[in-house]
Amino acid sequence: MTVSTAASGSPAIAHNDMANAIRALAMDAVQQADSGHPGMPMGMADVATVLFSKFLKFDAADPHWPDRDRFVLSAGHGSMLLYSLLYLTGYPDMTIEEIKHFRQVGSRTAGHPEYGHAPGIETTTGPLGQGLGNAVGMAIAERSLAAHFGGEVVDHYTWAICGDGCLMEGIGQESITLAGHLGLGRLIVLFDDNHISIDGPTSLSTSEDHLMRFAAAGWHVQRVDGHDADQVERAMTLAKAVTDKPSMIACRTIIGYGAPKKEGTAATHGSPLGKEEVEGTRKKLGWPYPPFVIPNEILSAWRAIGARGADTHKAWQARLNALASADRMEWDRRQSGALPASLDGAMAAFKTKMSADKPSVATRKASQDVLEVINPLLPETLGGSADLTGSNNTRTATLKPLQSGQWDGRYVFYGIREHAMAAAMNGIALHGGVIPYGGTFLVFTDYCRGAIRLSALMGLRVIYVMTHDSIGLGEDGPTHQPIEHLAALRAMPNLNVFRPADVVETAECWDLALRSHETPSILALTRQNLPTICGGVAENRSARGAYILAGSASDSARLIASGSEVQLALAAREQLAKDGISAAVVSMPCWELFEQQPESYQVEVLGKHGTVRVACEAAGGFGWERWLGRRGKFVGMHGFGASGKAADLYKHFGITPEAIAKAAREALAAKA
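A brief look at the structure comes next. (Residues numbered from 1 in each chain as written. Predicted model: local features only at pLDDT ≥ 70, side-chain atom pairs only at ≥ 80, totals over all residues. Heavy atoms only, no water.)

The next subject is the overall build of the protein chain. Looking only at helices and strands, one finds 27 helices and 22 strands in the protein chain. Its C-alpha radius of gyration of 28 Å places the protein chain within 12% of the 26 Å reference for a compact globule of 672 residues. Dimensions of the protein chain, computed from the C-alpha atoms along their principal axes, are close to 90 × 55 × 45 Å. Buried residues in the protein chain amount to 62% of all 672 residues. The contacts of the protein chain with a sequence gap of at least 6 include a subset with a gap of at least 24, amounting to 77%. (Helix = DSSP H or I, 4+ residues; strand = E, 2+ residues; numbered from the N terminus. Rg over C-alpha atoms; globule rule 2.2 N^0.38 Å. Buried < 20%, exposed > 50% of the residue type's maximum accessible area, 1.4 Å probe, protein only. Contact = heavy atoms within 4.5 Å.)

This is the structure:
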C-alpha cells in the first residue's frame, strides 16, 4: 500500500510505515516480555491507523476531554495495539519505557488494558465481550447527555474493536441486539475478522455469518479488506453517515500480519513470535530499525495525529463556555460526579417520615419509594431492569423510557439481557455524567457476575438493585431462591453488598451507594413485606456497616442479622429476656463497611472475645464465621430452598425466633 497518512501541517508518511510502527512495537514488547498476544495488533494495525489518523476525535494532551470519541478495545488480549497507539500519539504517561515493561509488575502496560493505569485506557477489557457491552453503554450515555445539554457540547462517537471471541460470548449477542434495538447510530464496531481462535481456525467451532447476524439485529453492516486503507476509510465514512442504527465493519485481516512463517495461524495469537520470526518480520515489512526504535519522522507524524484534535477541542471549550450559567454549573457538577446539595435534606425528610409512619413494606418497594425522592433531584440517574421492572420496582413516576430517537428518557428496558445490562452500566459509568442503576433478581447475579466483577475492579459507581433476595420470595422455588449468592458477592473485593432490614435502612443504603464514587453497590432487597424497625435516628447508622439496634454493649449475647432476619432477631431477644438473658440485636446491612471500622467499634458492636454470638440470615452461612468466631452459631440455610409460601418456608427451614433463641441458650450453656 502507498496510501499516505498525515495530520494537518505534517509531512506525509506512507500508511505502511505508520501501521508498521504499531506492528513493530507490538511484536517487540511481547518478545521482550516473553508473554502476550502479538497477532491481533499486527493484524489490525492498518485499521487502527486509519481510525486514529482520519476519524477518531481526541486530543492526546487532554485524555479526559468529555466530548472525545471513545475507543474501546474489546479484544483486550491485543492490548499492545492500544498501548502502541497511546505511545505513538503522545498520551501522557505512556512512554517507551512503559512499552518496554509490558506485562511487568508495576507497569502501566498490563497484560490486558486496565482502566486507571494510564490515560487513554477507557475501560478494563480482557474477558471477551465485556468491552462490546461497555461500548453500548457509552453510546447510550452520549445520546442521553446530548439530549440534556445539546449537540453543541455532546457530539461524539464510540468505536470498538472486537474479535471472534467477543462475538461468540453470550454477552456479545445480548449487547448486539440491545444496541440494534435502541438504534445507537453513534456506535461503530470494527470486527477483526481474522478467522483464527486459540484452538485454530474459527471453522472448528463456529460457522455463522456475522454480517447477517448483525443486520438481523438492526445494524448497518459492511465487509472490507482490513489491509486496504482506502476500503477501510470509505467504510468508516459511510458508517458515520448512518445515524439511525449502529454500524459494524467486518475487517478481513491476517492475524500476525507480516510474520513470514506464522502469519494467518494460531501460533501468533497468544505467544511471542520468537527471535527468528521477529527478524524475518522486520525484513518482510521493510522495517530495519532496532527493537523499540521509531524513526523521528514516523513518530513525529504520529504525534501530529495526537495533536490534530486540539483545535476541535478548543472550539468545543468555547461552546461549553457559552452555555447558560445554570446549564454550565449543572454540566460541571455532573462531570465531577458530585451530588446536589438538596439530596441531604430530602433523604433526611424521607427517613423522618418513614420513622413516623412505620410502614410494613418490602424493601424492593421501599427502594422505589426512595428513588421517588432521588430521581427528581438527580437528573443524571439512568435506571433500568432486565425485564423485571414491576418486580424490581426500579422505575419511578418521572422516568420516561429511553428509546431510539427519544434520548431524553431515563429508563432503559434492557430486556432479558442481565449480562449486557451490567456491562452497559459499566460503560455508562465510565463515560461520565450519568449514574446508572439496574435491576434483576439476586439469583441472577450469576448471569451478570463477570460485569459486576469489572465494576469492582475498575472502581465504578454502578448500583445493582437485586430483589427477591432469599427464600422469602416464596413459590418460585429453589431455582429462583438465592442461597450462596450473598457469600459469593461478599467475597468480591471492592464491592459493597447492602441488605437493609426495613425502609429506613433502605434509604440509608441508597444514600451510601450514591456516595460511593469508587465502589459499586449491590442492594439485596426483599419480595416480602417487612416492618419498620430501624427508624428514629438521624444518623446514617448503616454507614458503619453494623450497629446495635436493640440492647447495649454490656449485654451477654449478640444476635446478629441482616435484612429480613433482623425482625426475627428482635423477636428472639424478647424470648430470651423472659428467661432473664440480656441479648443485644445487631443489624448488619453491610459487611464491607463494618470491616472498615476501627477495632474498638467492632468490639463494641460484637462484644469482646468470648461474647456469645448468634447470626441469622436466610442464606448460606459461608463467611459468617469471621464475625461469629469459633464458638458462634448460625441459623440459616444449609442447602437449596423449596417452593411454598414465605412464612411456611421460614418455619420449614428452621429460620425462626425460636431457633435463634435456642442457639443463644445453647451457646451460653456451653460457655458456662
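Let's pick the thread back up.
Before going further, it helps to spend a moment on the layout of surface pockets. For the largest pocket, the calculated volume is near 690 Å³. Lining the largest pocket are 33 residues; nearest its centre among them are Y115, Q335, A429, L430 and G432. Going through the elements one at a time, α14 (325-336), α18 (418-431) and β13 (435-441) are the ones with two or more residues in the lining of the largest pocket. (1 Å grid on protein atoms, 1.4 Å probe; cavity = no way out; pocket = protein on both sides within 12 Å on 5 of 7 lines; lining within 4 Å. Points joined across faces, edges and corners; volume = space filled by probe spheres on them.)

Core analysis: the largest hydrophobic core is formed by 71 residues, its most contacted members being L184, L187, W219 and I522. The dominant element in this core, judged by the number of residues it contributes, is helix α6 (residues 130-149), at 10 residues. A24, A29, V232 and C251 belong to the second largest nonpolar core, which has 64 residues in total. (Core = buried A, V, L, I, M, F, W, Y, C linked by side-chain atoms within 4.5 Å.)

Here H638 shows up in the loop between β22 (633-637) and α26 (646-652). With 155 residues separating them in the primary sequence, H638 and I483 have C-alpha atoms 8.5 Å apart.

Right, let's talk about the packing of aromatic side chains for a bit. Applying the stated rule across the entire model yields 20 aromatic pairs. Ring centres 4.9 Å apart and planes at 90° place the aromatic pair F214 and W219 in the edge-to-face group. Accessibility classification places F214 together with W219 in one group, the buried group. Relative to F444, the ring of F441 lies with its centre 6.0 Å away and its plane at 10°, an arrangement referred to as stacked. Summarising the burial analysis for this pair, F441 and F444 share the class buried. Between the NZ or CZ atom of R186 and the centre of the ring of Y157, over which it lies, the distance is 4.9 Å. (Phe/Tyr/Trp six-rings, centres within 6.5 Å; stacked < 30°, edge-to-face > 60°. Lys NZ or Arg CZ within 6 Å of the ring centre and 35° of its normal.)

For the rest of this paragraph, the subject is the side chain of T532. Mapped onto the elements of the fold, T532 is located in the loop between β17 (529-530) and β18 (547-550). A polar side-chain atom of T532 sits 2.7 Å from the main-chain carbonyl oxygen of P359. Excluding residues that lie within four positions of it along the chain, T532 makes contacts with M354, K358, P359, D502, V503 and V504. (Polar contact = N/O pair within 3.5 Å; in protein donor to acceptor, adjacent residues only side chain to side chain.)

A separate point is the pairing of strand β4 (residues 158-163). Put simply, side chains in a regular strand alternate between the two faces of the sheet. Here β4 lies mainly inside the structure; six of its six residues are buried. On β4, burial covers both faces: T158, A160 and C162 on one face and W159, I161 and G163 on the other are all buried. In terms of strand pairing, strand β3 (residues 70-73) meets β4 through four bridges, oriented parallel. Among the inter-strand pairings, F71 is bridged to a residue of β4, identified as W159. Of the pairings in the sheet, the one linking β4 to strand β5 (residues 187-193) comprises six bridges and is parallel in character. Paired with W159 across the bridge in β5 is I188. (Pairing = 2+ DSSP bridges.)

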